[in-house]
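Here is what each chain is made of, one letter per residue.
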Amino acid sequence: MSDTPQVRAVLMGLDPDAIQHFRPILKGAEIREITASLESLSSPMDPAPALIVCSPGSSGISPFEMAQLLRMNHPGSIILLIFKDSMGEFDRRGFVKNGASDAFLLPQESELLRETLTDVIAGLGIGAMKLKPVKVIDLSGDVALDFDTYLYFPINDKRIQFSKGGEAMGQSRIDNLKAHNFSTLLVPKSQIDKFYAYSAKTLKALLNGDGISETERQERARESVCELLKGVYQIKGSGGFSEGQELVASCREIVKALVSSQPGGREFIERLGAIMGGQDSSYSHLANVAAYATLFAVGLGMKDVQELAMAALFHDVGLQGLSPRLQEAAEVQLTPEELALYETHPMLSVKIMQEKRFPVSDKVHKIIMQHHECFNGSGFPKKISGSQICMEARILAVADRFDELTVVQTGRALMSPFEAINKLRQEAARDPGRMTLDPVVLNKVVALFPQ
Ligand SMILES: [Fe+2]
Ligand SMILES: [Fe+2]
């Protein structure tokens, strides 16, 4: 006898062919077949099924009404609506609004439906299959991704499987993708860690540049970074903002995976997580700045980015020991005494690293110490300027600024990435003598974003 209770599934209004098709996928579930009628839809089934797969079929009942009635009588069930072109216009959003958990257009989305049903039967629920938008970098025909990818067509709200985990994509498919300007693919949430690992591995290969010339290496690295940043940039204001946020989050995970793949990297991330435990907004600032700084550095052609990534992940940890007011130094007017305290935080960050014996190089300490030095010498703590500040710290300062401008507060970004880049662009165009950020670095970073 199996330990897991059987899933109670109801197939409603499906034609015999479809039922034949679903039976093997729903293996292990207790299945009931019901015809769709106003009567069967109007009363609760007892016991309530965990899963209802329904189709308006030839019942004459509208799919909206079907979704509404089922939801009303089965508030806790997963309701999947199956639709075919011949049944009229496919309106996923409308079906979901009316109560369906999800809707699938067959045969186009049969693979997606199969995966979803498999997840539901395995007890993972419908959320497991949720697709996340991602930018897959440096794709080539002979690469076999170990995760599934889907394409989304907003015009008719269709999601179609593009590639299956483990199979090589083939160059013609990739050319097709590029020809149709598809830069965002969707990956099932349940496989997202594989996507991060792939991206980190690809970035690492681009940093090593095995078997390719330095010029080609830099070009491909730059292209990959532009691809990742494009999605972040395209999101203006509220409408699609969450997709931009998801893409930033995905850049953070890629950079964390990159750091983790180094000797001692995994431990570094875990210990940092323990130090920052619970302080969501501070940790998210560190992770964002690490993502931006690392990608900017890769895009600028740097080969060694591990130390910068680690320094960025740690740069403001020293703020933790200071009062909350000082932690918001950017928004409040500090007294001279408070300012002097605030200016100790780069040193405090390094001190914490040393006390807790983080096994990192002196270079990491140096980058952290210099993250508030300004190109024109107006920064702190040492007021050094220009090339006295190491390149990594100059890049970190730009990333710090970018995150400061775009950080989400109470659900809203202060400035969209689009506006932030425009602001940085204007600043880059100003008199270099007044610059706090390195104008050359700033110009190069701004050029990584679409014009
Ligand atoms: Fe700082
Ligand atoms: Fe910072």
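Here the structure is shown first, and the text comes after it.
Residues numbered from 1 in each chain as written. Chains lettered and ligands numbered in written order. Predicted model: local features only at pLDDT ≥ 70, side-chain atom pairs only at ≥ 80, totals over all residues.

(A) Inspection of the overall build of the protein chain at higher detail. In terms of helices and strands, the protein chain carries 19 helices and 11 strands. A principal-axis box enclosing the C-alpha atoms of the protein chain has dimensions of 80 × 50 × 45 Å. The buried share of the protein chain, reckoned over its 451 residues, is 37%. When contacts within the protein chain are restricted to residue pairs at least 6 apart in sequence, those whose partners lie at least 24 apart make up 65%. (Helix = DSSP H or I, 4+ residues; strand = E, 2+ residues; numbered from the N terminus. Buried ≥ 20, exposed ≤ 12 C-beta atoms within 10 Å, placed from the backbone. Contact = placed C-beta atoms within 7 Å.)

(B) Seen up close, the packing of helix H17 (residues 391-406) against helix H18 (residues 417-429). For the pair H17 and H18, interaxial distance at closest approach is 9 Å and the crossing angle is 130 degrees. The angle between H17 and H18 falls in the class oblique. The way H17 lies across H18 gives a crossing that is right-handed. In this structure, H17 uses Phe-402, Leu-405 and Thr-406 to contact H18, whose residues at the interface are Pro-417, Ala-420, Lys-423 and Leu-424. (Axes fitted to C-alpha atoms, helices over the stretch in contact; angles between N-to-C directions. Parallel < 35°, antiparallel > 145°, perpendicular 65-115°, else oblique. Left-handed = near helix turned anticlockwise from the far one by under 90°.)

(C) Seen up close, the environment of Tyr-292. Considering the arrangement of structural elements, one finds Tyr-292 in helix H11 (residues 280-299). Considered as a pair, Tyr-292 and Leu-229 are 63 residues apart in the sequence and their alpha carbons are 8.9 Å apart. Not counting chain neighbours up to four residues away, the residues in contact with Tyr-292 comprise Ala-399, Phe-402 and Asp-403.

(D) Quick look at unusual backbone geometry. Of the consecutive residues Asp-46 and Pro-47, the connecting peptide bond is found in the cis state with omega at 0 degrees. Position of Pro-47 relative to the elements: it lies in the loop between helix H2 (38-42) and strand S3 (51-54). Put simply, Phe-380 and Pro-381 share a cis peptide bond, and its omega is 5 degrees. Looking at the secondary structure, you find Pro-381 in the loop between helix H16 (362-369) and H17. At Arg-357, a residue that is not glycine, the phi angle is positive and equals roughly 50 degrees. Tracing the sequence through the fold places Arg-357 in the loop between helix H15 (345-355) and H16. Overall, Arg-357 belongs to the exposed group, with 8 C-beta atoms counted inside 10 Å. Positive phi outside glycine occurs at Lys-383, with the angle close to 55 degrees.

(E) Representation of the nonpolar core. In terms of nonpolar packing, the biggest core is built from 110 residues, with Val-53, Ala-293 and Leu-396 touching the most fellow members. With 11 residues, H11 is the single largest residue contributor to this core. Excluding residues that lie within four positions of it along the chain, Val-53 makes contacts with Ala-9, Leu-11, Met-12, Leu-14, Phe-22, Leu-80 and Ile-82. (Core = buried A, V, L, I, M, F, W, Y, C linked by C-beta atoms within 7 Å.)

(F) Seen up close, the pairing of strand S9 (residues 185-188). Burial of the side chains of S9 extends over both faces: Leu-185 and Val-187 are buried on one face and Leu-186 and Pro-188 on the other. Strand direction decides the pairing type here: strand S6 (residues 131-134) and S9, joined by four bridges, are antiparallel. For Leu-131, the partnering residue across the bridge sits in S9 and is Pro-188. (Pairing = 2+ DSSP bridges.)

(G) Main features of the sheet that holds S3. A sheet is described by the order of its strands in space; here five strands give the open sequence S2-S1-S3-S4-S5, paired in parallel fashion. Of all strands in the sheet, those with a lone pairing partner are strand S2 (29-34) and strand S5 (102-106), marking the two edges. Neighbour to neighbour, the strand axes of the sheet diverge by 20 degrees on average, direction disregarded. Relative to S2, strand S1 (residues 7-12) runs parallel, the two being bridged by six bridges. Bridge pairing in S2 places Arg-8 opposite Glu-30. Helix-sheet contacts for helix H3 (residues 63-73) involve S3 and strand S4 (78-84), and the interaxial angle to S4 is about 165 degrees.

(H) Main features of the environment of Phe-402. Looking at the secondary structure, you find Phe-402 in helix H17. Between the C-alpha atom of Phe-402 and that of Phe-162, which follows or precedes it by 240 residues, the distance is 34 Å. Once you skip the residues sitting within four places of it in the chain, Phe-402 turns out to touch Tyr-292, Ala-420 and Leu-424.

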